[in-house]
Amino acid sequence: MKNLLAFLNPDQLQAVTHRGSPLLVLAGAGTGKTRVVTVRIAHLLDRGECQPQEILAITFTNKAAGEMRERVNGLLGGEEVRGTAARIWIHTFHAFCARLLRREIHHLPEREREFVIATKADQTAILKRLIGPDRANEEPKASRVLSVISRAKNNLITPGSFPAHTSEEKRIKELFAAYEQELRETGALDYADLILLTVTLFHEYPDILDRYRGRFRHLLVDEYQDTNTAQHDLVRMLAGDGRNLCLVGDPDQSIYRWRGAEPENMLRFSEEFPDTRVVKLLENYRSTGNILKVANTLIAANPRPMGEDKDLWTKGESGAKLTVYAGPDEYDESGWIATQIFNSVHNRRENKYEDFAILYRTNAQSRILEDALRKRSIPYNIIADVRFYDRREIRDLLAYLRLLINPNDLLSFRRIVNVPSRGVGKISVNRILDEVDKDPGHLPDVVRRCIDQELIPPRARRAVERLMDLFDELTTRGGGVDGLLEELLERIDYTSWLQKSNDAVSRLENVEKFTDTARDFATANPKGSLEDFLEEVSLAAPIDDFDEQAGSVSLLTLHAAKGLEFPVVFISGLEEGLIPLTGRRGKRQADIEEERRLLYVGITRAQYKVYLTRALRRNLEGRKVYNKPSRFLSELPDPLLEDLSMRNLSIMSTTEDLIAVETETKKIKQTAKSVSFQLGDRVWHDKWGRGIILSRAGDGPNLKLTVKFARHGIKKLVAKYANLQKM
DNA sequence: CTTTCGCATATTTTT
DNA sequence: TATGCGAAAG
């Protein structure tokens, strides 16, 4: 057995070995916090303080969970303990609760044993339907309602206790209630439910809580700054007196407030458990001194809830300055980034492609970057820009699979009853849904009754009947998830239906990817059920399938970059409006602070070199916008930055200058256009209105036109001054 | 019932 | 730009 503690600094050592009271580890970026968690687990086992199955470790993503399992095994070494990590519960909050609820949810009144997890897309779909199309303009938008509802649920608020003073709040309250009912009827749980119901269960049934408390003697939670109140309550319940609790996090890296995260939970913890030991990790092992100085300066502009003495430091070298670059537009910016990478790899041979990461604020920014890399044949690896499982084709297949588990899933039924189109129209579907409304019993029974009582036209009737038969057959079918999916695809002839759609190629690719996922799952979990598969799929994060592929540049959002590190990091789009991202009604101070943390997270991903790039002009929603440099750039210490922007841009890099240039160009273009007037062209003049060109004389700027105007007769004009427009 | 077209509309991050 | 939705045509 290795000496687990040999390479730890005194602070880390304390965090690993402290016992007997709650432990709060405030670990800055790159200070080895994951290492502390894994070594702590290994240490517990090594010293025989508990059995593997008595440990519960909560991570932020499935990917982090997988890595932690591997690392624990790696630390424990030796044959006899290999596989030990498999018996430790290492999960995300959601995966943990989903597993627990699968066993225990039947204790709760009126809850089905089988449930599916409603993804974001499902949730939005429900709300959109509840709001209705006719009111779409005046009502609060579905996405906003959803975020209000999720926030409420995360704070353990029910539709009953939802405070409604304004008329909008009253409307949301209604929608909230209807949304909850819909979820319940379809046997679905949303993300908040997974936590909420677990908390409720523990609250209502103390004996169940006791059972789990007894079982998990050691509880560790990583990335605690991004937990919400419901999760915090869950931890408090499971932790009991908190003696064996270890929380790790960094309030400066809290970037999920918008999703309900409450970094204050960390502060509150020391009050709730007064004997909490707080350990701060500030020695950074990742980045150069200059990178840390810049990051420290940036984050110092935020209030520091955990105290002022939180600057990261390193024994290592200062390293290179950070490089700033501004290009005329996003094509230039992307091209410049790609060129830096290309030169570094090919000409200077300093780095390999996998050393680079390009970070951006919004997924939409990735396309131009991809183009630039592809142009130079630079291999890259990107985290899906649209959530893969939100793709229409994937959601269709998921709907089929869900119906196999929960035939009452009305949402899924509605989705696929006529997909692929099998001749069941709106009218037939509504007829069936009406029946379900009247008698919300077992969905297949109701559907069968519609068929038997000939409530729908013959063609549709036969189609629905065949669909129901298909479900019966597939439900009784044994075998793995992969086989099931393949049979399903064949039986509904899904691929040939997709052939006909617009972007058949990418859709078919997605279906291919999905069957691959199923196959991988079946290989990894030979005994895995369809429920297990759907659970994994619903709780997957885009980052989970992201392996830092050998030989590829990584493209990802700043959010997705959390927890990762790269030798060289480019952060693209350092512009007001993008970083910080501001919507139409602007941002409040608290939002700006979160944006600042986001940039802080981005900068601290880098080991040796950071590039901060921006574009003076950028296409946004089909429009050109001129963004000022990000306010965060001016917060950074100048001596630690070098500006490689082209000289002419540095000279006239104000937005006003650029607009002036644009306007001039436009004028020139207009003049050029007027030169191209031909005989017979129909034109428009601001004063004389419609006209037609009769003759032309002269060239270029001297071009003279004879125009016959509809209302004002024949005029001779000098094209340059006339400002004629073609009609 | 299915397909296609045109119009409107736009926050972003994701368990 | 790109997407999605609803109405009209097929």
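See the structure above.
Note that the structure is predicted; figures quoted are calculated from it, not measured.

Draft legend 1. Broad picture of the overall build of chain A. The helix and strand inventory of chain A stands at 29 helices and 21 strands. For chain A, the spread of C-alpha atoms along the three principal axes comes to 100 × 80 × 55 Å. Intrachain contacts of chain A at a sequence separation of at least 6 include 73% that bridge at least 24 residues. Of the roughly 34,600 Å² that chain A leaves accessible, carbon and sulfur atoms contribute 49%.

Draft legend 2. Here's a closer look at the pairing of strand S10 (residues 356-360). Among the 5 residues that make up S10, 5 are buried, leaving the element largely enclosed by the rest of the structure. Both faces of S10 are covered, namely the face carrying Phe356, Ile358 and Tyr360 and the face carrying Ala357 and Leu359. Pairing between S10 and strand S13 (residues 566-572): 4 bridges, direction parallel. When the bridges of S13 are listed, Ile358 appears paired with Phe570.

Draft legend 3. A look at the packing of aromatic side chains. Under the criterion given, the structure shown has 18 aromatic pairs. When the centroid spacing of 5.3 Å and the interplanar angle of 65 degrees are considered together, the rings of Trp89 and Phe216 count as edge-to-face. Taken together, the positions of Trp89 in strand S3 (residues 89-92) and Phe216 in the loop between helix H10 (206-215) and strand S6 (218-221) put the pair 127 residues apart, joining distant regions of the chain. Judged by relative accessible area, which is 11%, Trp89 ranks as buried. Given the relative accessible area of 5%, Phe216 is considered buried. Members of the aromatic cluster, each reached through a chain of ring pairs, are Trp89, Phe96, Phe202, Tyr212 and Phe216. Over the face of the ring belonging to Trp258 we find Arg259, whose NZ or CZ atom lies 5.9 Å from the ring centre. Stacked on the ring of Tyr611, the Lys or Arg Lys609 has its end atom at 5.1 Å from the ring centre.

Draft legend 4. View of the nonpolar core. Counting residues in hydrophobic clusters, the biggest one holds 52 residues, and the most contacted among them are Leu401, Leu488, Phe514 and Phe533. Broken down by element, this core gets its largest block of residues, 9 residues, from helix H16 (residues 392-405). For Phe533, the residues in contact, after removing those within four places along its chain, are Leu401, Val481, Phe514, Thr517, Ala518 and Phe521. Ala261, Ile291, Val294 and Leu558 belong to the second largest nonpolar core, which has 43 residues in total.

Draft legend 5. Representation of the environment of Gln499 within the structure. As for its position among the elements, Gln499 is in helix H22 (residues 494-499). Expressed as a C-alpha distance, the spacing of Gln499 and Ala295, which sit 204 residues apart in the sequence, is 50 Å.

Draft legend 6. Representation of unusual backbone geometry. Following Ile579, the chain continues into Pro580 via a peptide bond in cis, with omega recorded as 5 degrees. Within the fold, Pro580 resides in the loop between S13 and helix H25 (589-603). The backbone of Arg349 shows a phi angle near 50 degrees, a positive value even though the residue is not glycine. The topology assignment puts Arg349 in the loop between helix H14 (330-347) and S10. For Arg349, a relative accessible area of 69% puts it in the exposed group. Even without glycine at this site, Glu454 takes up a positive phi of about 55 degrees. Of note, Glu454 is situated in the loop between helix H19 (443-452) and helix H20 (458-476). The exposure class of Glu454 is exposed, given its relative accessible area of 54%.

Draft legend 7. Quick look at the protein's contact with DNA strand B. The environment of DNA strand B is formed by 28 residues, the closest being Asn363, Gly423, Gly425, Ala541 and Leu581. The sugar-phosphate share of atoms of DNA strand B within 4 Å of the protein amounts to 56%. In this structure, Gly423 approaches DNA strand B through a main-chain N or O atom, which is 2.7 Å from a phosphate oxygen. Here His559 contributes a side-chain N or O atom positioned 3.3 Å from a base oxygen of DNA strand B. For the surface near DNA strand B, the per-class residue count stands at 9 nonpolar, 12 polar and 7 charged.

Draft legend 8. Structural view of helix H1 (residues 10-17). Every buried residue belonging to H1 is among Gln12, Ala15 and Val16, and all of these are buried. All buried residues of H1 fall inside an arc of 100 degrees around its axis, so they share one side. Close packing links the buried residues of H1 with strand S1 (23-27), helix H2 (33-46) and strand S8 (277-281). The backbone nitrogen of Asp11 has a side-chain oxygen 3.0 Å away, supplied by the residue at the start of H1, namely Asn9.

Thresholds, definitions, all that
- Residues numbered from 1 in each chain as written.
- Chains lettered and ligands numbered in written order.
- Predicted model: local features only at pLDDT ≥ 70, side-chain atom pairs only at ≥ 80, totals over all residues.
- Heavy atoms only, no water.
- Helix = DSSP H or I, 4+ residues; strand = E, 2+ residues; numbered from the N terminus.
- Contact = heavy atoms within 4.5 Å.
- Areas by Shrake-Rupley, 256 points an atom, 1.4 Å probe, with all protein chains shown as cover.
- Buried < 20%, exposed > 50% of the residue type's maximum accessible area, 1.4 Å probe, protein only.
- Pairing = 2+ DSSP bridges.
- Phe/Tyr/Trp six-rings, centres within 6.5 Å; stacked < 30°, edge-to-face > 60°.
- Lys NZ or Arg CZ within 6 Å of the ring centre and 35° of its normal.
- Core = buried A, V, L, I, M, F, W, Y, C linked by side-chain atoms within 4.5 Å.
- Near = heavy atom within 4 Å.
- Polar contact = N/O pair within 3.5 Å; in protein donor to acceptor, adjacent residues only side chain to side chain.
- Nonpolar A, V, L, I, M, F, W, Y, C, P; charged D, E, K, R; others polar.
- Arc of directions from axis to C-beta.

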